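In case you want the letters, here they are:
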Amino acid sequence: MAATVECGSDSNAAVNNMSLKKALKAASPLTLRIVAECPVTKARACDLMLPHCTVSTPVFMPVGTQGTLKGITVDQLEGLGCQICLGNTYHLGMRPGSDLIERANGLHGFMNWKRNLLTDSGGFQMVSLVELSEVTEEGVKFKSPYDGKEILLSPEKSISIQNSLGSDIMMQLDDVVSSTVTGPRVEEAMHRSIRWLDRCIAANKNPDKQNLFAIIQGGLNADLRKACLDEMTKRDVPGFAIGGLSGGEEKDDFWRMVTLSTDHLPREKPRYLMGVGYAVDLVVCVALGCDMFDCVFPTRTARFGSALVPWGSLQVKHKQYAKDFQPIDPDCQCPTCKRHSRAYLHALFKSDTAAMHHITIHNIAYQLNLMRSVRQSIVEGRFPEFIRTFMKRMFPSRDQYPSWAVDALASINITLE
Amino acid sequence: MAGSRMKLELSRVIQGRVRLGVLKGLGRTGQHSLEVPGCLLYTPFGTVPHLTQDTLHTLSKLPRVSQVTLSNIAEHQEVLEEFKDGFRKFAGLHDTVLYCSLHDPAAPCPTGYTTNKTVSVWGSGGRIELTVAKFMALQKSVQPDWYQSMADGETWQSNTSRKRVRKSVDRTLAHLDECLLAHQNSKELEGVEVFGVVEGGDILEERIRSARETAKRPVDGFCLDGLQTGSMDQALRIQLTSAVTKELPEDKPRLLQGVGRPDEVLDCVEAGVDLFESFFPFQVTERGCALSFSFDISPDPERAGSTPPTVLELNEEDTAGDMQQNGDLNLNDQTQMTCFEINLKDKRYQDDFRPLVDGCGCYCCRNHQRAYVHHLLVTNELLAGVLLMIHNTAHYHGFFVALREALANDKLDLLKRRVLRGEQTERKE
Ligand SMILES: [Zn+2]
Ligand SMILES: [Zn+2]
Ligand SMILES: [Zn+2]
C-alpha cells in the first residue's frame with residue numbers, strides 16, 4: 001500500500017504511467033462488440049469482453065458492498081448467471097483494508113469470485129455517509145468513523161486502493177454534488193471531476209489489467225453536462241459512466257440528462273448509468289442508450305420481504321400471503337420460485353434469515369432475467385414491442401404510466417398505446 | 001404401532017450398552033434409514049438455519065431425517081390445515097423423513113406455564129398452550145413421519161422438588177396414553193411413529209419409573225427429556241441415562257434431547273443413547289464460531305485431507321489460545337464458547353488465509369478463508385452465518401460418521417482421546 005500511495009503522488013511516476021499506458025493501449029483490457037442496435041430507439045446489445053469473462057449487455061450489476069452479496073454465496077450468484085458485480089471501495093478500504101485484500105489476491109481472491117468486478121471510487125459513499133467530509137482540490141477529507149483519524153481520499157489514493165482490489169472496472173474519483181444542488185458549485189464540481197480524471201488516469205498502475213471509467217458530471221444543467229462530455233470524451237478511457245443522477249432529482253430532468261449524455265458518448269465504448277435499478281428506469285434507460293446499471297435496491301428491498309415481480313412488487317410479509325400457496329412469480333424459474341410458496345416464505349420470515357436469502361435470490365434473478373429479455377428483444381429486433389408489453393404488465397392501466405417515461409420513450413420514437 | 005415400519009437393526013452392542021446399527025424403514029414408504037449412533041438434521045421450521053436448499057445441498061452425507069419443532073410450527077396451524085398436504089410439502093422439502101419434536105432445543109422455553117392438561121410452546125408470536133387434543137390436531141396438519149408425544153419436561157431447573165418431578169412423570173404418561181388413543185383412532189396418522197418421553201428430572205427412581213412405564217406402551221422409540229446441557233452435570237446425566245437405557249427395550253431407538261456437545265455426546269453414547277439433535281452447530285454459528293475439534297482417528301495421516309468428513313489437523317497453538325475464552329465453567333449459559341470451536345471474530349484471524357479447518361471438504365472451507373469469514377463477522381454480513389452454518393453442519397455430522405467408524409473398529413477410546421485433547425490441553429494450563 002505504501003508503495004502505491006507514493007507512486008500516485010510522485011509526478012515522475014505519474015508521467016511514466018502515462019507513457020506506459022499509451023504503449024499498452026492496444027492491450028486495453030476491454031473490448032466492446034456491438035451485437036445489435038435497435039432500429040427505433042438508441043438501445044444496443046453488446047458483448048463486453050472483460051478480463052474475467054464476457055458480459056452480455058444491457059446488464060444489471062448487483063451490489064456486493066462489503067465483498068459479499070447479502071447472504072448469497074458466490075456459487076449461487078454465478079448460478080443465477082451474474083457476470084459482473086460491484087464492490088464498494090470506501091467500505092472495503094476501511095474494512096478489511098486494501099493491503100489485506102491485496103494479500104488475498106485482490107477482491108476476487110478475497111471473496112472468491114471468478115467473474116468480473118466493478119469498484120466505485122469511494123467518493124460517493126464519503127459524501128453521503130460521512131458527515132465530516134470536506135472537498136478540496138487535493139481530494140475528499142474525512143474522519144474515519146472507526147478510529148476518528150483524518151483521511152484524505154485523493155484521486156491517486158482512490159485508484160491505488162482500487163488497484164489493490166484488482167477490479168476489472170475502476171471508477172474515477174469524481175467531485176460528487178447532490179443532483180438537487182444548483183449554482184456555481186455544480187460547475188466547480190464538473191471541472192474538478194475532469195481534473196481528477198486526469199490524475200486518476202495517471203495514477204492507474206494496471207492499465208493493462210484494470211479499466212478506468214470516466215464519470216460524466218454537470219448536474220442537471222445541459223450546458224455543463226455537454227461541456228463535461230466534450231472534455232472527457234477527449235480522454236482515451238475504456239468506458240464512461242453517467243454520474244450525479246438518481247439522487248432525488250425530478251425524473252423529467254433525469255431522463256433528459258441521460259439522453260443528452262448518450263447522444264454525445266462514443267458508440268464504441270460502454271455507457272454505465274450509475275445507481276439506477278428500478279425495472280421501469282432500466283427499460284427506459286436502455287432505450288436511451290445505456291449499457292450498464294447498478295443499484296442496491298433489489299437486494300436491500302429483499303431483506304424487508306419485498307419481492308420484485310413483472311407487475312411491480314409483492315410484500316411477502318403481508319398477511320394476505322399467509323395462505324397463498326403459489327410461488328412468488330409462477331413464471332419465474334429461480335431456485336426460490338421453483339421450490340417455495342409465498343405462504344412458506346411468509347411464515348419463514350418470522351423465524352429465519354434464510355427467508356431473506358430466498359427473496360434476495362429471487363430479486364437478483366428477476367433483475368438479471370429482465371435484462372436478458374431486454375437484450376434478447378434487441379437482438380431479435382423487437383425491443384419496441386418489448387417495451388409496450390413490459391409497460392402493460394407493470395401498470396394496471398395506461399393512465400398510470402409515469403409521464404416522464406412516456407415522454408422519454410416518445411423522444412426516441414416509442415409511443416405507448 | 002400397527003402399520004409402523006421403523007426397525008432398529010443393531011450390528012454391534014459393546015459392553016451391553018454402546019450400540020451401533022441402522023434405523024431402517026423410515027418415511028411413509030419405508031425407504032429411508034438412519035445410522036446410529038446418529039444425529040437428526042436440525043431444521044426448526046423446515047430450513048437449516050441460514051441455509052437455502054442450494055447451500056444445504058453443497059453438503060453430502062446429510063442425515064435423511066429432519067427435525068422440525070412444534071414450537072415453531074404451532075402458530076401456523078390454520079395455514080397448514082388449509083394447505084392439507086402436510087408440513088414437508090409446505091416447506092418445499094421432498095425427500096426427507098420428518099420428525100416433529102415439541103420444543104426447539106436451541107430456543108429458550110420459559111417455565112411456569114404447564115398445567116395438568118396443558119403444556120406451552122413458544123414461537124415467534126409468543127406462547128401457545130397445547131392440550132392433547134390441540135397437540136394431536138397439529139400432528140394431523142403437520143403429517144410427520146414420526147413425532148414425540150406431548151410431555152411435561154419442566155424439571156430441568158436444579159431446585160425442582162421431588163413432588164414436581166413425580167408430577168411431571170405422571171402427567172407425561174397420561175399425555176402419552178391420550179396421544180396414543182387419539183393416534184390409533186386417526187386415519188391421517190396411520191403408519192406414523194410415536195416416541196414416548198422419559199422424564200424424571202434428576203431423581204433416579206423417577207427416571208426408572210418413567211422408563212418402565214413408558215416402555216409398557218406401544219411406542220416406537222423413546223425421547224429422553226430433561227437431561228439437557230445446563231440442567232445437571234455430566235456425571236449425573238450419565239448415571240441417569242445409563243439407568244434409563246437399562247430399562248428400555250433393546251430393539252427401540254433412544255433419542256436424547258438437548259445434548260449436543262461432542263464430549264457429552266460421546267459419554268451419552270456409552271450410556272446407551274442412539275440419537276441426538278444437531279442444534280449444537282447452530283449455537284456455535286450464532287456466536288460467530290467454527291467447530292474445529294479433531295475427530296480423525298485414521299492411522300494414515302494422508303487420509304485426513306482426502307476424505308471430507310474425517311477432517312483436520314488441529315492447530316495446537318490455536319486451541320491453546322482459544323481456551324482462555326472457554327465457557328465450560330458456566331453450564332447454564334449455552335451462548336458461551338466451548339473448547340471445540342474457534343472464535344472467528346477474534347482479531348488474530350483477520351489475516352489468516354487458511355480455511356476454517358485444514359482438510360475440511362465443506363463448501364466454506366473449499367472456497368473461503370478465515371480472514372474472509374472474520375471480515376463478514378465484523379461487518380455483520382449475512383453470509384457469515386451461511387458459511388459458518390455450512391461448515392459447522394458438515395463438521396458435526398462428520399464427527400458422527402467418525403463416531404460410528406470408531407465403534408465399528410473398536411476405537412472409541414482413541415476417538416474420545418482425540419476429541420477431548422483440546423479440553424485436556426486447557427485443563428493443564
Ligand atoms: Zn423467483
Ligand atoms: Zn442467514
Ligand atoms: Zn469446513
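How each quantity is defined
Residues numbered from 1 in each chain as written. Chains lettered and ligands numbered in written order. Predicted model: local features only at pLDDT ≥ 70, side-chain atom pairs only at ≥ 80, totals over all residues. Heavy atoms only, no water. UniProt positions renumbered as here; feature names shortened; annotations may be inferred. Phe/Tyr/Trp six-rings, centres within 6.5 Å; stacked < 30°, edge-to-face > 60°. Helix = DSSP H or I, 4+ residues; strand = E, 2+ residues; numbered from the N terminus. Buried < 20%, exposed > 50% of the residue type's maximum accessible area, 1.4 Å probe, protein only. Lys NZ or Arg CZ within 6 Å of the ring centre and 35° of its normal. Donors = N, O, S within 2.8 Å, 3.2 Å for Na, K, Ca; no water. Salt bridge = Lys/Arg side-chain N within 4 Å of Asp/Glu carboxyl O. Pairing = 2+ DSSP bridges. Contact = heavy atoms within 4.5 Å. Polar contact = N/O pair within 3.5 Å; in protein donor to acceptor, adjacent residues only side chain to side chain. Axes fitted to C-alpha atoms, helices over the stretch in contact; angles between N-to-C directions.

You'll find chain B entered in an unreviewed UniProt entry as Queuine tRNA-ribosyltransferase accessory subunit 2, with Anabas testudineus given as the organism. Comment text from UniProt for chain B, heading Sequence similarities (unreviewed entry), reads "Belongs to the queuine tRNA-ribosyltransferase family. QTRT2 subfamily." You can read under Subunit (unreviewed entry) in the UniProt record for chain B the words "Heterodimer of a catalytic subunit QTRT1 and an accessory subunit QTRT2."

The name an unreviewed UniProt entry gives chain A is Queuine tRNA-ribosyltransferase catalytic subunit 1, with Anabas testudineus as the organism. The heading Catalytic activity (unreviewed entry) in the UniProt record of chain A holds the text "guanosine(34) in tRNA + queuine = queuosine(34) in tRNA + guanine". Recorded in UniProt for chain A, the comment headed Sequence similarities (unreviewed entry) runs: "Belongs to the queuine tRNA-ribosyltransferase family."

Caption draft 1: Looking closely at the packing of aromatic side chains. If you walk through the whole model with that rule in mind, you get 29 aromatic pairs over all chains. Centre to centre, the rings of Phe254(A) and Trp404(A) are 6.1 Å apart; their planes meet at 80°, and the pair counts as edge-to-face. Here the residue Phe254(A) occupies a position in helix H11 (residues 251-264), and Trp404(A) occupies one in helix H18 (residues 403-411), the gap between them amounting to 150 residues. Here Trp404(A) falls in the buried class, since its relative accessible area comes to 8%. Arranged with centres 4.8 Å apart and planes meeting at 55°, the rings of Phe325(A) and Phe83(B) form a pair that is tilted. Of the two residues, Phe325(A) sits in the loop between strand S16 (312-315) and helix H14 (335-339) while Phe83(B) sits in helix H3 (residues 77-83), which places them in two different chains. Given a relative accessible area of 16%, Phe83(B) falls into the buried group. Within the aromatic cluster, the residues linked to one another by ring pairs are Phe276(B), Phe280(B), Phe293(B), Phe295(B), Phe340(B), Tyr396(B), Phe399(B) and Phe400(B). A cation over a ring is seen here: Lys251(A) above Phe254(A), with NZ or CZ 4.8 Å from the ring centre.

Caption draft 2: Representation of the coordination of the zinc ion (ligand 2). Here the zinc ion (ligand 2) is held by Thr353(A) (OG1), His357(A) (NE2) and His50(B) (ND1), and the distances to it run 2.0 to 2.4 Å. With His357(A) in helix H16 (residues 354-379) and His50(B) in the loop between strand S5 (41-42) and helix H1 (53-56), this residue pair bridges two chains. The same class applies to His357(A) as to His50(B), namely buried.

Caption draft 3: Representation of the pattern of salt bridges within the structure. If you walk through the whole model with that rule in mind, you get 58 salt bridges over all chains. Across the pair Glu231(A) and Lys234(A) runs a salt bridge, and its minimum N-O distance is 2.7 Å. With a relative accessible area of 26%, Glu231(A) lands in the partly exposed category. Arg162(B) serves as the salt-bridge partner of Glu205(B), at 3.2 Å between the closest nitrogen and oxygen. Within this pair, whereas Glu205(B) is found in helix H7 (residues 204-216), its partner Arg162(B) is found in helix H6 (residues 162-184), the two being separated by 43 residues in sequence.

Caption draft 4: Spotlight on the pairing of strand S7 (residues 97-101) of chain B. Residue and element names in this part refer to chain B. With 5 of its 5 residues buried, S7 lies for the most part within the structure. Both strand S6 (residues 65-69) and S7 contribute to a ladder of 5 bridges, which runs parallel. In the sheet register, glutamine 67 faces S7, and the bridge partner there is tyrosine 99.

Caption draft 5: Structural context of the UniProt feature "binding site: substrate" (unreviewed entry) in chain A. All names here are of chain A. If you check UniProt for "binding site: substrate" (unreviewed entry), the listed places come out as Asp120, Ser121, Gly122, Gly123, Phe124, Asp174, Gln217 and Gly244 in our numbering. Residue placement: aspartate 120 occurs in the loop between strand S6 (116-119) and helix H7 (123-129). Once you skip the residues sitting within four places of it in the chain, aspartate 120 turns out to touch Gly87, Asn88, Thr89, Tyr90, Gln125, Gln162 and Met171. For aspartate 120, the side chain forms a polar contact with the side chain of asparagine 88, separated by 2.6 Å. Locating glycine 123 in the fold gives a position in helix H7. What makes glycine 123 buried here is its relative accessible area of 1%.

Caption draft 6: Spatial organisation of helix H5 (residues 132-142) of chain B. Among all positions of H5(B), only Val132(B), Phe135(B), Met136(B), Leu138(B), Gln139(B), Ser141(B) and Val142(B) are buried. Among the residues trailing H5(B), Gln143(B) stands out with phi positive, at a value near 50°.

Caption draft 7: Summary view of the sheet that holds strand S1 (residues 31-37) of chain A. All names here are of chain A. Spatially, S1-S2-S3 is the arrangement adopted by the 3 strands of the open sheet, whose pairing is antiparallel. Pairing within the sheet leaves two strands with one partner each, and these edge strands are S1 and strand S3 (54-57). On average, each strand axis in the sheet is inclined to that of its neighbour by 15°, with strand direction left out of account. One ladder, built from 6 bridges, connects S1 with strand S2 (residues 44-49); its direction is antiparallel. Bridge pairing in S2 places arginine 33 opposite aspartate 47. Against the sheet, H16 engages S1, S2 and S3, with an angle of about 115° to S2.

Caption draft 8: Seen up close, the sheet that holds strand S7 (residues 133-135) of chain A. Residue and element names in this part refer to chain A. Reading across the sheet, the 3 strands line up as S7-S8-S9 and stay open at both edges, with antiparallel pairing between neighbours. The sheet is open, and its two edges are formed by S7 and strand S9 (150-153), each paired on a single side. Mean inter-strand twist for the sheet, computed between neighbouring axes without regard to direction, equals 20°. Pairing geometry for S7 and strand S8 (residues 140-143), over 3 bridges, is antiparallel. When the sheet's bridge partners are listed, glutamate 134 is paired in S8 with lysine 141.

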